[in-house]
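Residue-level structural notes
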Amino acid sequence: VDLTVPEPRPVRGGPPNTAPVEIDAPDRCPRYVALTGTVEMGSSPDWLARRLVLAGMRPISNVVDVTNYVMLERGQPLHAFDLDGLGGGGIRVRLARPDETLETLDGVERVLGPDDLLICDATDVPQALAGIMGGASAEVGAGTANVLLESAYFTPEWILRTSKRLALRTESSARFERGVDPAGALTAAERAWELLGQVAAGTAADEAVDVHPAPVERERIVVRPSRVNEVLGTEIEATAMERYLAALGMEIEAGGDDGALTVTVPTFRPDLEREIDLVEEVGRLHGYNAITRTLPRPKGQVGGLTPHQRERRLVRDALVGVGLCEAMNLALVAAADLERAGRPGVGIEVENPLRAEESILRPAVLPGLLRSVAFNAAHGLADTALFEVGHVFLPPPSGEVLPDEREHVAVALSGRVARRPYEPDRPVDVHDAKGVVEVLAETLELADWRLEPARRAGFHGGRCAALFVDGEEAGVVGEVDASVVAAMELPEPVVAVEVDLDRLLAGSRRDRRYRPISRYPASSIDLAFVVGSDIPAAHVEETLAGAAGELLESLELFDVFESAEALGEGRRSLAFRLRFRAPDRTLTDEEVGTMRKTCIDAVTSTHAATLRA
């Protein structure tokens, strides 16, 4: 059944409407209707007062109650002015001047700004805060005989701003904020005078003053029936869609491309702006219960993780798999924590932090993770194995404003490693942290990574190494320095890792192509070299791998020996096991001997090493 709203029939014949209306801000007030007339003030009849009370409003007087009743009925806020109290007997709509004041109906004098819209009389004296609340000077009262009834359209966003700034929210502002019907202003005024004729002996002027400087354009939306059915999962005919939309007061033009409909939306529906809004209206009128459940029919793959997201999740899984628990700390840290962690004066300060003492965007994940270790230790849990994946914020690159934001993964191990009953429990050491790095490298199948001795802030000088991936430094692993342990009240010992996750995931990967397993036997040789103590084992290993050639199947460092008496001061022995295998034959002693000599020559010439017998 189509909704029909009867046309109002106000009692006419009142004094001529001579009230001038001037709009100085047409972009804020596109339409203003002023309809004058005579009334007899008094109380509202019981039916009117009862309906307002049931709607949650307090009855005041017959004239004011009629304006509130029509607002509830039509959605159009109205305001009644005592016409005899308006200077010049007219209306001027303008923006407030800086620091201009107005006493509103609630008895509060409000200081206004240049963005607030005022309803003034013809002498430019403010009478109301447009769309929100009237003023006290022209309020209707017991002595009112002549009324100017305002029915206007104000743009929603500015009513909302003024209402929020003044902390003044009314039934009127709540409706203007959401948008009223600009085409219904005159009809609402006539409906009010129809009711005033019934409850206040109201007689309206024959003509209303209707100033309409900026007509509101009606939205025209193209709706594709195929798109409607695709979204709703239905098979609704286009004619049925036209019928549904026409019932809502919309004008439809058919015959567009692919059967598209051009819909002109009525002004009383400001919420309809896009095609999807009309799709919702069709679904609502068709009935959600009439839409059968169906499985989606995607044309292609929908969703899914990117390779970077999958590998980041793989890193988390690997760390959980070796017995670590994931921690989540805030990205804001205290400057004192950074200083205790050996990183004083590093970080970007936030102007308005949540907590004054935590005002630094963390330059590393590890300080916050060590604080979690200290918290667990303070609560009786000294043996911890934690990791965290999170963003760090470094100073902006030259010429840029935003911080250099990266994602890091950090690991902290403290206390003892539980091994009983298989072997005695032991304290964690730097090799446990190194093992975590090896797990990550193996999980991601990194092709080129190594650890080199290094000195880094917050780590023990002789038990620390830098992680390199594809020749670039990507992180650090080692034992936390004793000064940091003492300052942060950590349980001894503590070993840690911090790695730039983005660089780690960007590292080159091993060749994953399948190679048939050779059915021929392998040949293994052991080589021990005496080198300087300052030469990393990884460098010697890299030299051996390059010299051994394609037949090298595995390379392993199995012994490190240091003795000033046996080897000399500042020298140590590194022993490697090399395994060779050919895919198509058994290697001869001569071939193995040639490869052995090549490896020896490469190490001795590159690292000033000697072969240890």
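Before any of the text, the structure's been laid out above.
Being a predicted model, the structure only gives us computed values, none of them experimental. (Residues numbered from 1 in each chain as written. Predicted model: local features only at pLDDT ≥ 70, side-chain atom pairs only at ≥ 80, totals over all residues. Heavy atoms only, no water.)

Thoughts on the overall build of the protein chain
Under the convention used in this document: For helices the rule is a DSSP run of H or I covering at least 4 residues; for strands it is a run of E covering at least 2, with both sets numbered from the N terminus onward. A radius of gyration in this sense is built from C-alpha atoms; the matching globule rule multiplies 2.2 Å by the number of residues raised to 0.38. Accessible area is worked out with a 1.4 Å probe on protein chains only. A residue is then buried under 20% of its type maximum, exposed over 50%, and partly exposed in between.
Within the protein chain, the regular secondary structure consists of 17 helices and 31 strands. Its C-alpha atoms give the protein chain a radius of gyration of 41 Å, more than 25% over the compact-globule value 25 Å for 613 residues. In terms of principal-axis extent, the alpha carbons of the protein chain reach across some 125 × 60 × 50 Å. Taking all 613 residues of the protein chain together, the buried fraction comes to 45%.

Things to note about unusual backbone geometry
The omega torsion of the bond from Arg 420 to Pro 421 falls at 5 degrees, within 30 degrees of zero and hence cis. Inspection of the secondary structure assignment puts Pro 421 in the loop between β22 (416–417) and β23 (426–427). Across the junction of Glu 492 and Pro 493, the peptide omega takes the value -10 degrees, indicating a cis bond. Its location among the elements puts Pro 493 in the loop between α13 (482–487) and β27 (494–500). Phi is positive for Ala 167, close to 55 degrees, though the residue is something other than glycine.

Some thoughts on the packing of helix α3 (residues 156–166) against helix α4 (residues 171–178)
Inclusion rule: Inter-axis angles, ranging from 0 to 180 degrees, are taken between N-to-C directions of lines fitted to C-alpha atoms, where helices are fitted over the stretch in contact. Here roughly perpendicular refers to angles of 65 to 115 degrees, roughly parallel to angles under 35, roughly antiparallel to angles over 145, and oblique to all remaining angles. Whether a crossing is left-handed or right-handed is set by the direction in which the near helix is turned from the far one by less than a right angle, anticlockwise for left-handed and clockwise for right-handed. For this analysis, residues touch if any pair of their heavy atoms sits within 4.5 Å. In this classification, Asp, Glu, Lys and Arg are treated as charged, Ala, Val, Leu, Ile, Met, Phe, Trp, Tyr, Cys and Pro as nonpolar, and every other residue, Gly included, as polar.
Contact geometry of α3 with α4 gives a least axis separation of 7 Å together with a crossing angle of 140 degrees. Here α4 runs oblique to α3, going by the angle between their axes. For the pair α3 and α4, the sense of crossing is left-handed. Every residue of α4 that contacts α3 at Pro 156, Ile 159, Leu 160 and Ser 163 is listed here: Ser 173, Phe 176 and Glu 177. Within the contact of α3 with α4, the residues separate by chemical class into four nonpolar, two polar and one charged.

What to know about the pattern of salt bridges
Cut-off, in case you're wondering: A pair is scored as a salt bridge if a Lys or Arg side-chain nitrogen falls within 4 Å of a carboxyl oxygen belonging to Asp or Glu.
Applying the stated criterion to the full structure yields 49 salt bridges. For Glu 100, the salt bridge is made with Arg 94, and the minimal N-O distance between the two is 2.7 Å. On the basis of relative accessible area, Glu 100 is assigned to the buried category, the value being 13%. For Glu 423, the salt bridge identified is with Arg 419, shortest N-O distance 3.4 Å. For Glu 423, a relative accessible area of 38% puts it in the partly exposed group. Shared partners join several salt bridges into a network, and the residues in it are Asp 24, Arg 92, Arg 94, Arg 97, Glu 100 and Asp 124.

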